[in-house]
Amino acid sequence: MSGASMVGDSSSWSTALVKISPYTFSAVGIAIAIGVSVLGAAWGIYITGSSLIGAAIKAPRITSKNLISVIFCEAVAIYGVIVAIILQTKLESVPASQINAPESLRAGYAIFASGIIVGFANLVCGLCVGIIGSSCALSDAQNSSLFVKILVIEIFGSALGLFGVIVGIIMSAQASWPSKSV
């Protein structure tokens, strides 16, 4: 097989991406939105929880008060679930003749991009809230007057996940599938 025949249009990345069903891109985007968001929440809970348990040895009073940090981390997973449900409602049936139409591809790519943005924004948000929650637990064990001050910072960190959700919803608004009338 000659090298010239492999360079043609049939083997290019653009052709391969166009031949993949837009429903596949949509499904992967939805899976990334929920999966990576849950990963971010779990990672944040791991970071916060380990510091909380360690600091509670010195100051048991911090345990119930600092559970708010774990709740903030769990909210990150809920953001991913909400966006996955919203993206799932964007899917529509398309006739086989229009599955690779530009409008179908744009809708599939929009849902895919929305899922990636939400998933990775929530991953970073979960890490941010987990690290701040860890700092909150450790500093609260040393000085209880610092709890509310650090909690305010944690709320700002949690807003990063909401920004990702908002951008994801705006991007998914671009997902319009072709009409069924052909």
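Cut-offs used in this document
Residues numbered from 1 in each chain as written. Predicted model: local features only at pLDDT ≥ 70, side-chain atom pairs only at ≥ 80, totals over all residues. Heavy atoms only, no water. UniProt positions renumbered as here; feature names shortened; annotations may be inferred. Helix = DSSP H or I, 4+ residues; strand = E, 2+ residues; numbered from the N terminus. Expected span 1.5 Å × (residues − 1). Polar contact = N/O pair within 3.5 Å; in protein donor to acceptor, adjacent residues only side chain to side chain. Patch = residues over 30% accessible without salt bridge, like charges linked within 9 Å, V, L, I, M, F, W, Y side chains within 5 Å. Areas by Shrake-Rupley, 256 points an atom, 1.4 Å probe, with all protein chains shown as cover. Salt bridge = Lys/Arg side-chain N within 4 Å of Asp/Glu carboxyl O. Disulfide = S-S within 2.5 Å. Buried < 20%, exposed > 50% of the residue type's maximum accessible area, 1.4 Å probe, protein only. Core = buried A, V, L, I, M, F, W, Y, C linked by side-chain atoms within 4.5 Å. Contact = heavy atoms within 4.5 Å. Axes fitted to C-alpha atoms, helices over the stretch in contact; angles between N-to-C directions. Parallel < 35°, antiparallel > 145°, perpendicular 65-115°, else oblique. Nonpolar A, V, L, I, M, F, W, Y, C, P; charged D, E, K, R; others polar. Phe/Tyr/Trp six-rings, centres within 6.5 Å; stacked < 30°, edge-to-face > 60°. Lys NZ or Arg CZ within 6 Å of the ring centre and 35° of its normal.

For the chain, the name recorded in an unreviewed UniProt entry is V-type proton ATPase subunit c''1-like, with Durio zibethinus as its organism. Recorded under Subcellular location (unreviewed entry), the UniProt text for the chain is reproduced unchanged: "Membrane". The record held by UniProt for the chain lists under Subunit (unreviewed entry) the comment "V-ATPase is a heteromultimeric enzyme composed of a peripheral catalytic V1 complex attached to an integral membrane V0 proton pore complex."

**As for helix H3 (residues 22–58)**
Look at H3: 55 Å from first C-alpha to last across 37 residues, which is about the 54 Å you get at 1.5 Å a residue. N-cap assignment for H3: the residue whose side-chain oxygen lies 3.1 Å from the backbone N of Tyr-23 is Ser-21.

**Thoughts on a nonpolar patch on the surface**
There is a patch of nonpolar side chains on the surface, built from Leu-160, Leu-162, Phe-163, Ile-166 and Ile-170 and spanning about 470 Å² of accessible area. For Ile-166, the position within the fold is in helix H7 (residues 147–172).

**Observations regarding the UniProt feature "domain: V-ATPase proteolipid subunit C-like" (unreviewed entry) in the chain**
As recorded in UniProt, the feature "domain: V-ATPase proteolipid subunit C-like" (unreviewed entry) lies at residues 29–87 and 112–171. Along residues 29–87, the helical share is 93% and the strand share 0%, with 9 Å between the first and last C-alpha atoms. Spanning residues 112–171, this segment combines 93% helix with 0% strand, and its end C-alpha atoms are found 10 Å apart.

**Focus on the state of the cysteines**
Per the stated rule, a full pass over the model turns up zero disulfides. Cys-73 forms no disulfide, and the closest cysteine sulfur to it belongs to Cys-125, at a distance of 8.1 Å. Look at Cys-73 and you get buried, because its relative accessible area is 0%. Left without a disulfide partner, Cys-125 is nearest to the cysteine sulfur of Cys-128, which lies 6.4 Å away.

**A look at the environment of Ala-31**
Structurally, the position occupied by Ala-31 is in helix H3. As a C-alpha pair, Ala-31 and Ala-84 span 53 residues in sequence and 7.5 Å in three-dimensional space.

**Observations regarding the nonpolar core**
In this structure, Ile-30, Val-83, Leu-87, Ile-111, Ala-175 and Trp-177 are the most contacted members of the largest nonpolar core, which totals 15 residues. Elements represented by at least two residues in this core include exactly H3, helix H5 (67–89) and helix H6 (102–142). Here this core takes five residues from H5, the largest share from any one element. Formed by twelve residues, the second largest nonpolar core is a distinct cluster that contains Ala-41, Phe-72, Cys-125 and Val-129.

**What about H7?**
Spanning 26 residues, H7 covers 38 Å between terminal C-alpha atoms, matching the ideal 38 Å at 1.5 Å per step. Buried within H7 we find Phe-147, Ile-150, Leu-151, Glu-154, Gly-157, Ser-158, Gly-161, Gly-164, Val-165, Gly-168 and Ser-172. Against helix H4 (62–65), H5 and H6 lie the buried residues of H7.

**Structural notes on the packing of H5 against H7**
Between H5 and H7, whose axes approach to 11 Å, the crossing angle comes to 5°. What the angle tells us is that H5 and H7 run roughly parallel. Contact with H5, carried on its side by Ile-68, Ser-69, Phe-72, Tyr-79, Val-83, Ile-86 and Leu-87, involves Phe-147, Leu-151, Glu-154, Ile-155, Ser-158, Gly-161, Leu-162, Val-165, Ile-169 and Ser-172 of H7 and no other residues of that element. Per-class residue counts for the contact of H5 with H7 are twelve nonpolar, four polar and one charged.

**Quick look at the packing of aromatic side chains**
Going through the model one piece at a time under the given rule, you end up with three aromatic pairs. Relative to Trp-177, the ring of Tyr-23 lies with its centre 4.9 Å away and its plane at 10°, an arrangement referred to as stacked. Of the two residues, Tyr-23 sits in helix H3 while Trp-177 sits in the segment after H7, which places them 154 residues apart along the sequence. Ring centres 4.9 Å apart and planes at 75° place the aromatic pair Phe-25 and Tyr-109 in the edge-to-face group. Remark: Tyr-109 occurs in helix H6 and Phe-25 occurs in helix H3; sequence separation between them is 84 residues. Its relative accessible area of 12% is what places Phe-25 among the buried residues. The exposure class assigned to Tyr-109 is partly exposed, which follows from its relative accessible area of 32%. Grouping aromatic residues by their ring pairs yields a cluster made of Phe-25, Tyr-109 and Phe-112. When the ring centre of Phe-147 is taken as reference, the NZ or CZ atom of Lys-65 above it lies at 5.0 Å.

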